[in-house]
Amino acid sequence: QVQLVESGGGLVQAGGSLRLSCTASGSVFSINAMGWYRQAPGKQREMVAVITSGSYTDYSDSVKDRFTISRGNDKNTVYLQMNSLKPEDTGVYYCTAHLRGESNNIWGQGTLVTVSS
């Protein structure tokens, strides 16, 4: 069993920065990839950034050149550095992990990011 806990959300002005953290615990050896998704009111969750066990990264077009996903030295923590934030970045950000041999991802509880204009 893998558990994910996010932190770092808050209220920032447009153009500001925020750093989200996600820590995995439990059977972390089974994690193939981790990532961040976000959900705005009335919308489905959308992919923001992912990072594989081999440190390959991918980003949605809307956050490229503004956000950076990275993993800690112990590989159990993933970060999302968000710069040049825009009001449209507002939403609940969820950490996710894909486990080897399983079809469904594991999800954290979410952390709210609000960007004011």
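The structure we're discussing is the one just above.
Described below are features of the structure shown in this document. (Residues numbered from 1 in each chain as written. Predicted model: local features only at pLDDT ≥ 70, side-chain atom pairs only at ≥ 80, totals over all residues. Heavy atoms only, no water.)

## Some remarks on the pattern of salt bridges
Stated formally: By definition here, a salt bridge exists when the distance from a side-chain nitrogen of Lys or Arg to a carboxyl oxygen of Asp or Glu is within 4 Å. Accessible area is worked out with a 1.4 Å probe on protein chains only. A residue is then buried under 20% of its type maximum, exposed over 50%, and partly exposed in between. A helix here means a DSSP run of H or I that spans at least four residues, while a strand means a run of E at least two residues long, and both kinds are numbered starting from the N terminus.
This model, assessed by the stated rule, comprises four salt bridges. Residue D61 is joined to K64 by a salt bridge in which the shortest nitrogen-to-oxygen separation is 3.2 Å. Relative accessible area serves as the criterion here: at 41%, K64 is assigned to the partly exposed category. D89 is the salt-bridge partner of R66, the closest N and O atoms lying 2.8 Å from each other. You can see R66 sitting in the loop between β6 (57-59) and β7 (67-71) and its partner D89 sitting in the loop between β8 (77-82) and β9 (91-99), a full 23 residues away along the chain. Classification of D89 as buried rests on a relative accessible area of 1%. When salt bridges that share partners are traced, they join R38, E46, R66 and D89 into one network.

## Some points on the side chain of S21
Definition in use: By definition in these notes, contact holds between two residues if any of their heavy atoms fall within 4.5 Å.
Here S21 shows up in strand β3 (residues 18-26). Under the relative-accessibility criterion, S21 is labelled buried at 18%. Apart from the residues lying within four places of it in its own chain, the contact partners of S21 are V5, E6, S7, W36, V78 and Y79.

## Remarks on the packing of aromatic side chains
Operational definition: Any two of the Phe, Tyr and Trp rings considered here, Trp counted by its six-membered ring, make a pair once their centres fall within 6.5 Å; the pair's planes then place it as stacked at under 30 degrees, edge-to-face at over 60, or tilted in between. Put simply, a charge is over a ring when the Lys NZ or the Arg CZ is close to the ring centre, within 6 Å, and near the line of the ring normal, within 35 degrees.
With the rule as written, the count across this model stands at one aromatic pair. The aromatic ring of Y79 is capped on one face by R19, whose charged end is 3.9 Å from the ring centroid. Above the ring of W107, the side-chain terminus of R45 is found at 4.6 Å from the ring centroid.

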